[in-house]
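# A structural walkthrough
Spelled out from the first residue to the last, the chains are:
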Amino acid sequence: MTAAAETLRIAAEAVCGERNESYGSPVDDFRTQAEMFSSYLSRTNGTNVLVTASDIAALMILVKIARQAHRAKPDNWIDAAGYAACGAQCDSQL
């Protein structure tokens with residue numbers, strides 16, 4: 001199995017299995033986070049800021065990219081793939 005296929009396999013297992021058991025539906029979880037970020041950013045910026053569930057997925061991917069820039073680890077790519085899948089799920093339920 002290639003590194004790419006193994007990365008996607010592990011990410012799929014996490015997103016479609018253990019992640020849901022630990023945190024619930026990614027869409028519900030990311031929507032909750034988006035509401036919290038929107039409220040916080042609106043208050044601190046003095047203007048309405050709307051963060052979406054898809055934004056949360058994208059931002060989490062950026063966190064993983066920043067960590068990869070600091071120190072390369074396979075886990076960063078696995079998590080980024082998982083967050084991309086969660087973002088796709090969020091977009092499919094708009």
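Residues numbered from 1 in each chain as written. Predicted model: local features only at pLDDT ≥ 70, side-chain atom pairs only at ≥ 80, totals over all residues. Heavy atoms only, no water.

This model, assessed by the stated rule, comprises one aromatic pair. Pairing F30 with Y83 gives two aromatic rings, centres 6.3 Å apart and planes at 35°, and the pair type is tilted. Taken together, the positions of F30 in helix α2 (residues 26-45) and Y83 in helix α4 (residues 74-92) put the pair 53 residues apart, joining distant regions of the chain. Classification of F30 as buried rests on a relative accessible area of 2%. (Phe/Tyr/Trp six-rings, centres within 6.5 Å; stacked < 30°, edge-to-face > 60°. Helix = DSSP H or I, 4+ residues; strand = E, 2+ residues; numbered from the N terminus. Buried < 20%, exposed > 50% of the residue type's maximum accessible area, 1.4 Å probe, protein only.)

Moving on, we come to the environment of E35. Checked against the element boundaries, E35 lands in helix α2. Separated by 52 residues in the primary sequence, E35 and G87 place their C-alpha atoms 16 Å from one another.

A separate point is the environment of T44. Examined against the element boundaries, T44 turns out to sit in helix α2. Between the C-alpha atom of T44 and that of A66, which follows or precedes it by 22 residues, the distance is 24 Å. Polar side-chain contacts of T44 include one of 3.4 Å to the backbone oxygen of L41. (Polar contact = N/O pair within 3.5 Å; in protein donor to acceptor, adjacent residues only side chain to side chain.)

This paragraph deals with the side chain of S38. Tracing the sequence through the fold places S38 in helix α2. A relative accessible area of 11% means that S38 is categorised as buried. Polar contacts involving the side chain of S38 include one to the main-chain amide nitrogen of V51, which spans 2.7 Å. S38 has contacts with V49, L50 and V51, leaving out every residue within four places of it along the chain. (Contact = heavy atoms within 4.5 Å.)

What follows deals with the pattern of salt bridges. One pass over the full model with this rule turns up four salt bridges. Here E13 ties to R9 by a salt bridge, and the two come within 2.5 Å at their closest N and O atoms. Residue E13 and its partner R9 are both found in helix α1 (residues 3-23); the two are separated by four residues, about one turn of the helix. The partly exposed category is assigned to E13, whose relative accessible area is 47%. Where D79 meets K64, a salt bridge forms, and the shortest distance between an N and an O atom there is 2.7 Å. Of this pair, D79 sits in helix α4 while K64 is found in helix α3 (residues 53-70), placing the two residues 15 residues apart along the sequence. Residue classification places D79 among the partly exposed residues on the basis of a relative accessible area of 23%. (Salt bridge = Lys/Arg side-chain N within 4 Å of Asp/Glu carboxyl O.)

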